[in-house]
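Results of the structural survey
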Amino acid sequence: SSLPSEMDAAGPVKDLAGFLIRHHSDQLRSIILSPDPRLHYPLHVDFAELMDGNPPLAHLLFSQPTEYLQLFHQAANWAQKIISGDFKGWDNAIVKQFVHVRINVSGSPLECPETFPSIGRIRVKHRGILLTLKGTVIRSGAIKMIEGERDYLCRKCKHRFTVYPELETRSTISPPSSCPSQGSKICEGTNFQLIENSIICHDYQEIKIQESTQVLGVGAIPRSIPIILKDDLVDIVKAGDDVIVTGILTAKWSSDLKDVRCDLDPVLIANSVRRTNELKSDIDIPDDVIMKFKQFWLDFKDNPLKGRNAILRGVCPQVFGLFTVKLAVALTLIGGVQHVDGSGTKVRGESHFLLVGDPGTGKSQFLKFAAKLSNRSVITTGLGSTSAGLTVTAVKDGGEWMLEAGALVLADGGLCCIDEFDSMREHDRATIHEAMEQQTISIAKAGLVTTVSTRTIVFGATNPKGHYDPGQSLSVNTTLSGPLLSRFDIVLVLLDTKNPEWDAVVSSHILAEAEPERGKCNEDLANIWPLSMLRRYIHYVKGYFKPVLTREAEKVISSYYQLQRRSATQNAARTTVRM
C-alpha cells in the first residue's frame, strides 16, 4: 500500500537506500530472512563509512538528526524491498516494518570534544545535533510501553494524518487544534476521529549515566543525565556498565508537582549504545605481549620462583620490602578456580584479603595499587558506607520504586576495596557476609524481592584496636566478629617494630624514590614490570590458566588444616571448614 508514496520519495531517501544496499546488504539480507516480522531490528552503520561514501549527507545527518534518522528509517525499508526481489520464491523472506539504523561514531570526526563532551559540559548549543556521551550507568529503570504514533481522520474533509507524541510533555499524544490538510481550500475542521488499530507501541526504558570519576577536574562533582532507550536498545545495559551513547539531546518538562518551579531538563534520546567494559578486558592483550609472557617463563623454566619474584617487584614498587604482602595482593587479584558440583552448589573462586596493621605500615598504598591493577574496582571507606550503599538502595522514581546498585554490585567481577574496615557500624558489616561467601545479595525492600550476584574480591584494611597485642587472638585485637574473620582467606598483620637497621634502609629507599633519574621506565621484563604490563598479565592469567591440585599438594593442605584445627584454641574463628 505504501509503495507508491515511497517510489516518488525524496532524493535523500534514494541516496540513503543506495548507500545501505552498497555497504550493508549482508545485514539487510539477514534481517529479511529473520522469522519474526513484529520484532525491532538494528542496522549498524558506521559514520566514518558514510563520511567517505557521501559527505554532504553525513553532514546533514549530523546537523539535522531528527529528520534524517527518520529518512534513514524509510530508506532501510526501501532497501529491503529492493533486496527482497532476490528472494522471490522464498516463503520466509518478509520485509520487516521496524528496522532502526544505529549510528556508530567510533573512528569518525564526531569523536572531537565539540560533539563528544563530558556530561557536565552539556550546553544549549548541543541541542539538536548528533551527540555522543560516555559514562557509567548508575540506574536502569523498568521497561515500559509507550505509544509511538496514532492516525486521525478529519470528519469534515476525510483527510487522514499521523500524530507523534511529544517528549517535552511526557510523551502524551494530543490531536492538533485544526485539520492539517493542505488541499485546494483550507479545511478548518476541529473534529477528529481516531482510526482503529493504528496505534503503534514501543518498548521504552530510562537509564541514568554519570561521568566517570577519572576524567573529572579538581573538586568537581560528577554530573549525570537521563537517557531514553527505545525498541531494540532496551535491557542491554545494567547498572555498573561503562557505556558510550550516541543520540539527540532534547529537553523535557520536569514533573508538575505543586509549588515546584517547572524547568526543562536535558534528556538524551539514544540512537545507539555501546558497552565499553567488555572492550576494556578483551583488546588489552595483543599476541606479541602473550609471546613476551611465554618467553619470560621459558627463561625462568629451571627456577620458577625467581621469575615469580621478578613479577612481584612491580607490585606496589613504592613500598619497600613486605614481600609476603605483595605476593598476597597478586594472588588475591588473580583469584582461584570456581567449583560447581553435580547438585549445582558453587564453591567460590574469589579469595578475600584483610590487612591488619599499625598506622603508617602502608595499608592504603596496597589498596590503591590493587584497585589500579583490577579492571573493575570500587574503593570505599568504612565510615562513609552504609549497608544500603554497599549493597542495593531502593529509590523512588516518578511514583514507583526501583533499585540502584551499591559498591559491591558495581564491583561485580572485579575488586571492592574497603579501607578503615573497623570503623563500619556493626549491622553494616553484617551485610557483607552473604556477599563474601555465597556471592549474592538478597534484597526484600519496598515491595521488590530479588537476588543480585556479586562475584567480588573483597580487600579490607583495618587498624588494630589500640596497640596490637601478639598474645591475644585476632578477633580481640581487631574487634571484628568471628563469622566475618572466617570469610577472609588471607589475614596479614603488619607490625611497626622499632628496628634501627630496618628504619635506615626504608628511609633511604623512600628518599631514593624521589630522585628524578630513578623514574626511567623500561619495557624490558627482566627489570620492574610497568603497571600496564602487570594489568594485562593478571588478566591473561585469570582467563587462560586453570591450575589443578596434585596429590602431593592435597596431602600437604589436608595435614596443615588438621594441624591448625588441633592447635587453634585462641584463633578458632580462622580455622573453619572454609579455610
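Conventions and cut-offs
Residues numbered from 1 in each chain as written. Predicted model: local features only at pLDDT ≥ 70, side-chain atom pairs only at ≥ 80, totals over all residues. Heavy atoms only, no water. Helix = DSSP H or I, 4+ residues; strand = E, 2+ residues; numbered from the N terminus. Buried < 20%, exposed > 50% of the residue type's maximum accessible area, 1.4 Å probe, protein only. Contact = heavy atoms within 4.5 Å. Areas by Shrake-Rupley, 256 points an atom, 1.4 Å probe, with all protein chains shown as cover. Lys, Arg positive; Asp, Glu negative; His and termini not counted. Charge placed at Lys NZ, Arg CZ, Asp CG, Glu CD. Core = buried A, V, L, I, M, F, W, Y, C linked by side-chain atoms within 4.5 Å. Axes fitted to C-alpha atoms, helices over the stretch in contact; angles between N-to-C directions. Parallel < 35°, antiparallel > 145°, perpendicular 65-115°, else oblique. Salt bridge = Lys/Arg side-chain N within 4 Å of Asp/Glu carboxyl O.

**Regarding the overall build of the protein**
When helices and strands are tallied, the protein shows 18 helices and 20 strands. Evaluated residue by residue, the protein yields a buried proportion of 40% over its 579 residues. By sequence separation, contacts in the protein at least 24 residues apart represent 70% of the contacts at least 6 residues apart. Carbon together with sulfur atoms contributes 55% to the accessible area of the protein, which is approximately 31,900 Å² in total. Charged side chains of the protein number 65 positive and 65 negative; the gap between the two group centres comes to 2 Å.

**Digging into the nonpolar core**
Residues Val 325, Val 329, Phe 353, Leu 355, Phe 459 and Trp 529 are the most contacted members of the largest nonpolar core, which totals 39 residues. Counting 35 residues, the second-largest nonpolar core is a separate cluster that includes Leu 16, Leu 57, Val 101 and Val 105.

**Considering the packing of helix α10 (residues 363-373) against helix α17 (residues 531-544)**
Running from amino to carboxyl end, α10 crosses α17 at an angle of 65 degrees, the nearest separation of the two axes being 9 Å. Viewed along their axes, α10 and α17 adopt a mutual orientation that is roughly perpendicular. Listed contacts from α17 to Phe 369, Lys 372 and Leu 373 of α10 are Leu 531, Leu 534, Arg 535 and Ile 538.

**What to know about the pattern of salt bridges**
Any two side chains of opposite charge can pair if their charged atoms end up close together. Applying the stated rule across the entire model yields seven salt bridges. Close ionic contact of Asp 26 with Arg 29 constitutes a salt bridge, the shortest N to O distance being 3.9 Å. One end of the pair, Asp 26, and the other, Arg 29, are both in helix α2 (residues 11-32), three residues apart, so they sit about a helical turn from each other. In this structure, the salt-bridge partner of Lys 252 is Glu 206, at a minimum N-O distance of 2.9 Å. Of this pair, Lys 252 sits in strand β8 (residues 242-253) while Glu 206 sits in strand β6 (residues 200-210), and the two are 46 residues apart along the sequence.

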